[in-house]
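# Structural description and commentary
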Amino acid sequence: MTKEKMRVGLFVTCLVDLMRPRIGFAALRLLEAAGCEVVVPSTQTCCGQPAFNSGDTRVARALALKLIAEFEGLEYVVVPSGSCGGMIRVHYPQLFADEPAVAARAGALAARTFELTDFLVSVLGVAKVPGDFEGTVTYHDSCSGLRELGVKAQPRALLAHMPGVELKEMAASEECCGFGGMFSVKFGDISTRIVDRKCDNILATGADAVVLGDLGCMLNIEGRLRRRGDERTRVLHVAEVLAGED
Amino acid sequence: MRSQAMFFKARAGDKLADRQLQANLGKAKSRFVEGRAQAVVDYDAAPGADFEALRDAASAIRDRVLANLDVWLETFEDKARARGAEVLYARDGAEICRLVVDIARRHGVTKAAKSKSMLSEEAGLNEALAAAGIEPVETDLGEYILQINDNEPPSHIIAPVFHKSKEEVAELFARTHHTPKKDDIAGMAREAREVLREHFMSAEMGISGANFLIAETGSAALVTNEGNGRMVTTLPKVHVVVTGIEKLVPTLEDFSTLMRLLPRSATGQRISNYVSVLTGVKGEGDLDGPEHLYVILVDNGRASLVGTEFEPMLRCIRCGACMNHCPVYQSVGGHAYGWVYPGPMGSVLTPLYTGIENALDLPHASTLCNQCGVVCPVKIPLPELLRKLREKQVDLKLRPWRERLALRLWGWVAARPALYGFAARTAVRYLNRRAGGTDRIRALRAVPDWTAGRDLAAPEGRTFRELYAERVGHEGRTKR
Ligand code: SF4
């Protein structure tokens, strides 16, 4: 008898849905290559993080409830984003602190929710990835992934399985890129100053690509690099690098 | 101090454009950030030492005090009185000023030597003293520099002149002291010391803050890197301590635990140059010490936080690590924040102490990156508190109606998958049109602040859900 496949729900996130579907498909390929049965609930939209961080808990709760219902029946929830992963894992239970019944459901889902690279390494123990990227890369540690979920060694471990990839660490890789969701829209000039420091550190490595795990940071860093006239440094989501071209 | 926090955005813009300031901020930042990091590594290198465990222990000490603040205050009061101190309470800044001026008048004071006290900034004490004909003299080097620079406010809670370069200070000294311009810090410090010595000798009153109050002994503890704190608290006949009610710790043992954290978190030092524990008035046979000691315990908004979701903020030991590590503070400096306390802790305290409606930008002036929370020696969840303040703004309907409407509308749509799918498809097509066949959008009216500094990558063309539905439909058909 063959072992039943692990049923994993993929939450692609609203930004990936909108801006870079290929990251969602890359995550899908990685999970399938690792032997998972991947379920992509078709009604998924957003985890509610923008509302939560704007202080609108009513909207955040509504969207959290929706996501919980969509993914509850699955063994795991995997998210190609540290901040959306952090939202579900860390903040969903807090959101329902005064509704014990929902809090229990939120807590149960939170415990089964993983950021993509964390899931591949910590749960699946993946030691082989399909991607065939060749070149030097530097890794930006996105804030929520790093400080809420402890994502740091996992993406590096996966990249180390790729013979063509050489990792060159940048200075201050753990420092914020200045995105901060609505922050970069409300205080664009401060955000620009912060992302400039990040760009300096990236460019100083001379890497062919900066790799990261959050689309928000990605849009911010890529946008600033291009505005500064850098057309050379590629800005890639770790899933794209690990999965390779479709 | 009157708050300018409502103008954060505009002030931040000015600070970003100030090249000299930008250069100064960069240098100061790396000194403090690297200093702390090294101090933690060194601390953990000792057998059995664990900085994380120390942070937990410190938070627990602070929480223990806050859980029974009234009891600890009484204990402190009793012990301090028994040693000859007079303990007074001030509800707000105005009361601080009134009390201090009264004390000064009672003792015929014409000049007061001050060591650093952020509470005196909260109260605007210098102006009040000056108005009463009493000359306040700042004796902390940084505070002194600011005072002779037309009473400029501090930009950092432990390094008041964080925003200034050596050259700027050298010019200021030459101008004010009518001396040749110096180019070494030691020389400048010597020059300031010479000026200040006369003030120390002639001041009839010393005013200081306190880093901690120790309940079991009724002492005030002072942590400094310059000798001025000692002079201020021992030379004049009258010493007034002005400090917040939350500065209490139960025992000397607790104080020593916190002292393992404070200098390391603040400057990366294992211990500050001076640690003074001041207890009571000059006793019989004592060689020095004040004849009259007053301890003014200040509320100014603190008591109202006890028992609320913001209580953890009262654990703060004013080390400055949160601002040193804050990407926003590093970019705009302390003055942009507009009141006494800058950086993440300031963005929490300013709205709580001066009114939520008077500091609307501050809780939003953060990327919530939590670089502050992970270095805070007493584990204050600063991003969480900032977020709670954002919630308060929404609850009190203090956000602009456009923003509130947009959020509600977006939330309403996002809760309806079919409608959301349609909206997303429409948005993607619109954005692609704006990109005009290129891979990026250079200006977008919906997010002008964003596109002023960076491009927006064009979307791929279709949404994930669209493509996925197609793929699944396709696979479904081939299977059949
Ligand atoms: S909030 Fe924490 S890090 Fe910031 S000054 Fe207070 S104790 Fe230090």
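Residues numbered from 1 in each chain as written. Chains lettered and ligands numbered in written order. Predicted model: local features only at pLDDT ≥ 70, side-chain atom pairs only at ≥ 80, totals over all residues. Heavy atoms only, no water.

Taken together, 15 residues lie around the ligand, and C316, C319, G320, C322 and C376 of chain B are the ones closest in. Counted by class, the shell around the ligand contains 13 nonpolar, one polar and one charged residues. (Near = heavy atom within 4 Å. Nonpolar A, V, L, I, M, F, W, Y, C, P; charged D, E, K, R; others polar.)

To continue, consider the domain arrangement of chain B. Its domain assignment divides chain B into domain 1 (5–305) and domain 2 (401–475). Domain 1 of chain B and domain 2 of chain B are separated by 52 Å when their C-alpha centres are compared. (Domains from an automatic or database assignment.)

Across all of its chains, the model carries 17 aromatic pairs over all chains by this definition. The interplanar angle of 15° and the centroid separation of 5.7 Å between the aromatic rings of F32 of chain B and F162 of chain B together place this pair among those described as stacked. One end of the pair, F32 of chain B, is in helix α2 (residues 19–45); the other, F162 of chain B, is in the loop between α8 (141–148) and α9 (166–177), and 130 residues separate them in sequence. Pair check on accessibility: F32 of chain B and F162 of chain B agree, each one buried. Members of the aromatic cluster, each reached through a chain of ring pairs, are F183 and F187 of chain A together with F8, F32, F162, Y329 and Y337 of chain B. Seen from the ring of W450 of chain B, R454 of chain B lies directly overhead, with NZ or CZ sitting 4.8 Å from the centre. (Phe/Tyr/Trp six-rings, centres within 6.5 Å; stacked < 30°, edge-to-face > 60°. Helix = DSSP H or I, 4+ residues; strand = E, 2+ residues; numbered from the N terminus. Buried < 20%, exposed > 50% of the residue type's maximum accessible area, 1.4 Å probe, protein only. Lys NZ or Arg CZ within 6 Å of the ring centre and 35° of its normal.)

Attention now goes to the interface of chain B and chain A. Contacts between the two partners involve 63 residues from chain B, matched on the other side by 64 residues from chain A. Surface buried jointly by chain B and chain A totals about 5500 Å² across both partners, of which 59% is contributed by carbon and sulfur atoms. Considering only the surface of chain B that becomes buried against chain A, R454, E460 and F464 of chain B emerge as the three largest contributors, covering 13% of it. At the junction of chain B with chain A, the criterion picks out five salt bridges. Inspection of the region where chain B meets chain A yields 31 residue pairs in polar contact (both at pLDDT 80 or more). For the side of chain B that touches chain A, the residue count by class is 31 nonpolar, 13 polar and 19 charged. (Contact = heavy atoms within 4.5 Å. Buried area = accessible area lost by both parts, 1.4 Å probe. Salt bridge = Lys/Arg side-chain N within 4 Å of Asp/Glu carboxyl O. Polar contact = N/O pair within 3.5 Å; in protein donor to acceptor, adjacent residues only side chain to side chain.)

All names here are of chain A. Taken in spatial order, the four strands of this open sheet run β2-β1-β3-β4, and their pairing is parallel. Taken across any chain shown, the strands that pair with only one partner, and hence form the sheet edges, are β2 (37–39) and β4 (113–115). Strand-to-strand twist across the sheet, computed as the mean angle between neighbouring axes with direction ignored, equals 35°. Pairing of strand β1 (residues 7–10) with β2 involves three bridges; the strand directions are parallel. Following the sheet pairing, V8 is matched in β2 by V38. With respect to the sheet, helix α2 (residues 21–33) is in contact with β1, β2 and β3 (76–79), its orientation differing from that of β1 by roughly 170°. Against the sheet, helix α5 (residues 82–95) contacts β3 and β4, and its axis sits at roughly 160° relative to β4. (Pairing = 2+ DSSP bridges. Axes fitted to C-alpha atoms, helices over the stretch in contact; angles between N-to-C directions.)

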